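Commentary on secondary and tertiary structure
So the chains spell out like this:
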Amino acid sequence: MSFTTKRFVTYFLRGLLFVVPVALTIYVIILILRFLDGIIPIPIPGLGILIMFSFITFMGFLASIFVTRPLFDIFERWMFKLPLVNILYTSIRDLMSAFVGDKKKFNTPVVVKLSNNMFRLGFITQDNLSILGENGLVAIYFPHSYNFSGNLYLVPKENVRVLEGVKSADVMKFIVSGGVSKIGSNSSDLKE
């Protein structure tokens, strides 16, 4: 390959490393915004999202007021009594509260020893499983790489080491990227 062709290929690959992540990020954001805007079908772009955002904020305000709080509690107790709805509602509520609630989960990154030479990154979601009769176990969530799913394992406490001085968001980004993202860094190294 000639010097000019090699340089051309290098520039193309560098451009690819820049353009593809930016384009896919913008594309995914546009898809999400279109989906959210389409939930409330109003012909003015963006108005559906604005109405939904206002409604959610207003509901949060009502749920925080002393006078209306009992109504939300009654509604929630009613949801708990419906057989199939109970499982779905509580699972979604608990997952949402793990990210935005007062009792956030996924904030304790850990390294779990799976065998003598194999370890896995995860997050402690429950450190006390005595209600299951498993005093020596903790619940660890292992996100999948390149996917927004994961597995939950119950592992012996002695196989778990908390990662000190590392941000949970960095560990999650590292896992989801399949170990490609650098921990503690927002940009990739584009040097030759």
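For the structure given in this document, a descriptive report is provided here. (Residues numbered from 1 in each chain as written. Predicted model: local features only at pLDDT ≥ 70, side-chain atom pairs only at ≥ 80, totals over all residues. Heavy atoms only, no water.)

This next bit is on the nonpolar core. Within the largest apolar cluster, eight residues are counted, these being Val110, Val112, Ile124, Val138, Ile140, Phe142, Val155 and Val160. Where this core is concerned, the elements lending two or more residues are strand S1 (109-115) and strand S3 (137-143). For this core, the leading source of residues is S3, giving three residues. Once residues within four sequence positions are removed from consideration, Val110 is found in contact with Arg120, Leu121, Gly122, Phe123, Ile124, Ile140, Val160, Arg161, Val162 and Leu163. Membership of the second largest hydrophobic core comes to seven residues, among which are Val111, Phe123, Leu163 and Ile175. (Core = buried A, V, L, I, M, F, W, Y, C linked by side-chain atoms within 4.5 Å. Buried < 20%, exposed > 50% of the residue type's maximum accessible area, 1.4 Å probe, protein only. Helix = DSSP H or I, 4+ residues; strand = E, 2+ residues; numbered from the N terminus. Contact = heavy atoms within 4.5 Å.)

Overall, antiparallel pairing links the five strands, which are arranged S4-S3-S2-S1-S5 in an open sheet. The open sheet has two edge strands with one neighbour each: strand S4 (150-156) and strand S5 (160-162). Going from strand to strand, the sheet's axes swing by 40° on average, the running direction of each strand aside. Contacts from helix H5 (residues 168-176) reach S1, strand S2 (118-126) and S3, with the element oriented near 130° to S2. (Pairing = 2+ DSSP bridges. Axes fitted to C-alpha atoms, helices over the stretch in contact; angles between N-to-C directions.)

This part covers the pairing of S2. Side-chain direction in a regular strand flips from residue to residue, so the side chains alternate between the two faces of the sheet. Judged from the six bridges that link them, S1 and S2 form a sheet pairing that is antiparallel. Among the inter-strand pairings, Val110 is bridged to a residue of S2, identified as Gly122. Pairing geometry for S2 and S3, over three bridges, is antiparallel. In the strand pairing of S3, Gln126 is matched with Ala139.

With the rule as written, the count across this model stands at two aromatic pairs. Between Phe75 and Trp78, the aromatic rings sit 6.0 Å apart at their centres with planes inclined by 40°, giving tilted as the arrangement. Separated by three residues within a single helix, Phe75 and Trp78 lie in helix H3 (residues 69-81), roughly one turn from each other. Overall, the relative accessible area of 45% leaves Phe75 in the partly exposed class. (Phe/Tyr/Trp six-rings, centres within 6.5 Å; stacked < 30°, edge-to-face > 60°.)

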